[in-house]
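Observations on chain architecture
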Amino acid sequence: IAVTDADGNKLTVADPYSYQNAINQGLRGGLVAADELGATPYGRPEDLIMSTLANGNEVMYVATTSEQAVYSIELNPNADADFSDAHVRQFVKGGVTVNSSGNVVPGGAQATYGLGSPDNLAIDEDGNVFVIEDQNPGDICMATDANKDGVAEKLDMFASLGPFGSEPTGFILDPR
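Here is a short report on the structure shown in this document. Starting afresh in each chain, residues are numbered from 1 along the sequence in its written order. pLDDT decides what is reported in this predicted model: residues at 70 or higher carry local features, side-chain atom pairs at 80 or more are listed and counted, and totals for whole chains, interfaces and linings draw on all residues regardless. Computation of side-chain values: all heavy atoms of the structure, hydrogens and water removed.

Further remarks concern a nonpolar patch on the surface. Taken together, V3, L11 and L37 make up a surface patch of nonpolar side chains, about 220 Å² in accessible area. Only runs of H or I of at least four residues qualify as helices and only runs of E of at least two qualify as strands under DSSP, and these elements are numbered from the N terminus. When you line up the elements, V3 lands in the segment before α1 (19-25). The exposure class of V3 is partly exposed, given its relative accessible area of 32%. Patches were defined on residues exceeding 30% relative accessible area and lacking a salt bridge, with like-charge contacts within 9 Å and nonpolar side-chain contacts (Val, Leu, Ile, Met, Phe, Trp, Tyr) within 5 Å. For the accessible areas, the method is Shrake-Rupley and the probe is 1.4 Å, while residue cover comes only from the protein chains on display. Think of a salt bridge as a Lys or Arg side-chain nitrogen and an Asp or Glu carboxyl oxygen that are within 4 Å of each other. Burial classes: relative accessible area under 20% of the type maximum marks a residue as buried, over 50% as exposed, and values in between as partly exposed (1.4 Å probe, protein chains only).

Moving on, we get to unusual backbone geometry. Positive phi, normally seen in glycine, also occurs at Q68, with a value near 50°. One non-glycine residue with positive phi stands out, namely K148, at about 50°. One can find K148 in the loop between β7 (139-144) and β8 (154-160). Taking the relative accessible area as the measure of exposure, K148 reaches 26% and is therefore partly exposed.

This next bit is on the side chain of N76. Position of N76 relative to the elements: it lies in strand β3 (residues 69-77). Note on N76: relative accessible area 10%, which makes it buried. A polar contact of 2.4 Å, which involves the side chain of N76, links it to the side chain of N57. A polar side-chain atom of N76 sits 3.1 Å from a polar atom in the side chain of H87. Polar contacts, as used here, are pairs of N or O atoms within 3.5 Å; protein pairs need one atom able to donate a hydrogen and one able to accept it. Residues neighboring in sequence count only if both atoms are side-chain atoms.

All right, on to the sheet that holds strand β5 (residues 118-123) then. Two strands make a pair as long as DSSP finds a minimum of two bridges between them. Ordered by their spatial adjacency, four strands build an open sheet running β5-β6-β7-β8, and the pairing between neighbours is antiparallel. A strand with exactly one partner marks an edge of an open sheet, and here the two such strands are β5 and β8. For this sheet the average axis-to-axis angle between neighbouring strands, irrespective of direction, equals 25°. Where β5 lies against strand β6 (residues 129-133), five bridges are found, and the strand directions are antiparallel. When the sheet's bridge partners are listed, N120 is paired in β6 with I132. Note on definitions: angles span 0 to 180 degrees between N-to-C directions of axes, and those axes are lines fitted to C-alpha atoms, for helices only across the stretch in contact.

Spelled out as structure tokens, the structure:
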């Protein structure tokens, strides 16, 4: 169905079903149509992992490449109703979160240290969240949430792949 106004007039020139144009532009046709209308970007979630916060609630961490951020979604069971609510927090973000030295970790697409494209996530037995990037070089950062409240106090470099074009993936932490 075309994107239209209340009278049925088309609001975009982009064809939301044009897969060929999507291939040529590196985009999906529907995304081009949404951009023409000034729609809110969809956040491009890449990976998620589950853990538990200090208060006993489950938390889901979600890496969003387009925002250079990882969000924590605290799942709060509501015993008085047939539903649950959730609290969404910015867990770490390039250009916002500091490292152990107190310096802000750079954000955005760059070829040096920073958090520009969070892709995969892993968590160790102490609750540290490892954020694996999808860019050159592919950095692996360790986020520390010492008080386990769903917001990391610091984000430090753990490892980096140097060869151009390399991408870390499939990161597994073995407690042994």
